[in-house]
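Architecture at a glance
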Amino acid sequence: MANIYYTLLTDVGAAAMAYGAVNGEPVVLCDVALGDGNGSVPAPTRTSTALVNEVYRAGINSITLHQDNPSWYIVELVVPPDVGGFTVREFRIDDAAGNAIYIGNMAPETKPVLPEGMTRDSIYRLIVETSNAATINLTVDNSIVIATHQYVTDRMDEHLADADPHPQYAKDTDLQAHVEASDPHPQYAKDTDLADHEADVDPHPQYLTAAELVAYLALTRKPATRSYFANI
């Protein structure tokens, strides 16, 4: 289940947004609370700061910019299958300090649990509006974030539409260019390099030549050293 619900910016939320815009301190949206309205759908207003009867609260699962309106964000809450046994009629979105920034209502929706004979994930997508995107921020607890089916589907569609979805792998054109290169492996010696090496008068300048060794022995004054090398 995934429905879109519109919310009201409370007076508290408006004040927080205004303060954040002036002082460069974004409002941090953290939690979504659900309520059952004590059996009836309430009519929250901008002055409302509390639900009639809160029945569930959890951290925000995700927040995304609305694809058609840059002033709207979609705040998503996922209620797992083992939570339920109540009917949702109201909701609110709180900041890090527990202030009600947004509040709203909905047509009654029952959230069942497994002992009642059925269960499901419930996904609530709440549209919030702000005139200044810089005043909205989000804290997400990575231990509770759930990838929804729609999110996975969207990411897979983007992946499939990408002209080069796997840039870390060689393409056919890369392999063809490699095969046609005159020296595809410059890090390795070629036959011509080996021939030049063998023809070099001193291919290993880091080592002493026989002539250099003889000259060294002629100069040394240590009989033991001369005797050692003479008998090798």
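Just so it is clear, the model here is predicted, and its values are computed rather than measured.

**Here we look at the overall build of the protein chain**
On a plain count of helices and strands, the protein chain comes out with 6 helices and 10 strands. Looking at the protein chain as a whole, 28% of its 232 residues qualify as buried. Look at the contacts in the protein chain between residues 6 or more apart in sequence, and 71% of them connect residues 24 or more apart. Total accessible area on the protein chain is roughly 14,800 Å²; 55% of this is exposed by carbon and sulfur atoms.

**Description of the pairing of strand β5 (residues 62–65)**
As judged from the 4 bridges shared by β5 and strand β6 (residues 72–79), these two strands associate in the antiparallel manner. By the bridge assignment, Leu65 is partnered in β6 with Tyr73. Between β5 and β6, which pair antiparallel in sequence order, lie 6 residues.

**Thoughts on the side chain of Glu90**
Take Glu90: it is sitting in strand β7 (residues 86–95). As a buried residue without a salt bridge, Glu90 has its nearest oppositely charged side chain in Arg89, at a separation of 7.7 Å. A distance of 3.0 Å separates a polar side-chain atom of Glu90 from the backbone nitrogen of Gly37. Within polar-contact distance, the side chain of Glu90 engages the backbone nitrogen of Asn53 at 3.0 Å. When residues no more than four places from it in sequence are discounted, the contact partners of Glu90 are Ala33, Leu34, Gly35, Asp36, Gly37, Pro42, Leu51, Val52, Asn53, Gly104, Asn105 and Met106.

**Description of helix α1 (residues 11–23)**
Under the 1.5 Å per step criterion, the end-to-end length of α1 is 18 Å for 13 residues, consistent within 8% with the ideal 18 Å. Turning to α1, its buried residues number three or more, namely Gly13, Met17 and Gly20. Burial along α1 is one-sided: seen end-on, the buried residues are contained in an arc of 65 degrees. At the exit of α1 stands Gly24, carrying a positive phi of roughly 65 degrees.

**Quick notes on the confidence of the model for the protein chain**
Taken over all residues, the pLDDT of the protein chain has a mean of 80, while the share at 70 or more is 81%. Ranking the elements of the protein chain by mean pLDDT puts strand β10 (residues 136–138) last, at 54, and strand β4 (residues 54–59) first, at 95. pLDDT under 50 marks residues 138–146. Its contacts with residues more than four places away, or in other chains, come to 16 contacts.

**With respect to unusual backbone geometry**
The phi angle at Asn38 is positive, at roughly 55 degrees, despite the residue not being glycine. The topology assignment puts Asn38 in the loop between β3 (27–35) and β4.

**Focus: the side chain of Glu109**
Counting through the fold element by element, Glu109 comes out in strand β8 (residues 100–111). Owing to a relative accessible area of 12%, Glu109 belongs among the buried residues under this scheme. One polar contact links Glu109 to Tyr5, side chain to side chain, over a distance of 2.4 Å.

**A closer look at the pattern of salt bridges**
For the coordinates displayed, the defined rule picks out 6 salt bridges. Of the charged contacts, one joins Asp11 and Arg46 as a salt bridge, the two residues approaching to 3.3 Å between their closest N and O atoms. With a gap of 35 residues between them, Asp11 in helix α1 and Arg46 in the loop between β3 and β4 connect regions that are remote in the sequence. For Arg125, the salt bridge goes to Glu76, with nearest N and O atoms at 2.8 Å. Here Arg125 is found in strand β9 (residues 122–129), whereas its partner Glu76 is found in strand β6, with 49 residues between them in sequence. Accessibility expressed as a relative area gives 5% for Glu76, which makes it buried. Sharing partners across several salt bridges, the network here consists of Asp31, Glu54, Arg57, Arg92 and Asp94.

**With respect to the pairing of β7**
The buried fraction of β7 amounts to 10 of the 10 residues, a majority that puts the element mostly inside the structure. Taken together, the 8 bridges between β7 and β8 define a ladder with antiparallel strand orientation. Paired with Thr87 across the bridge in β8 is Thr110. A loop of 4 residues connects β7 with β8, the two strands running antiparallel in sequence, and Gly98 in this loop sits at a positive phi of about 85 degrees.

About the cut-offs
Residues numbered from 1 in each chain as written. Predicted model: local features only at pLDDT ≥ 70, side-chain atom pairs only at ≥ 80, totals over all residues. Heavy atoms only, no water. Helix = DSSP H or I, 4+ residues; strand = E, 2+ residues; numbered from the N terminus. Buried < 20%, exposed > 50% of the residue type's maximum accessible area, 1.4 Å probe, protein only. Contact = heavy atoms within 4.5 Å. Areas by Shrake-Rupley, 256 points an atom, 1.4 Å probe, with all protein chains shown as cover. Pairing = 2+ DSSP bridges. Lys, Arg positive; Asp, Glu negative; His and termini not counted. Salt bridge = Lys/Arg side-chain N within 4 Å of Asp/Glu carboxyl O. Polar contact = N/O pair within 3.5 Å; in protein donor to acceptor, adjacent residues only side chain to side chain. Expected span 1.5 Å × (residues − 1). Arc of directions from axis to C-beta. pLDDT = per-residue confidence, 0-100.

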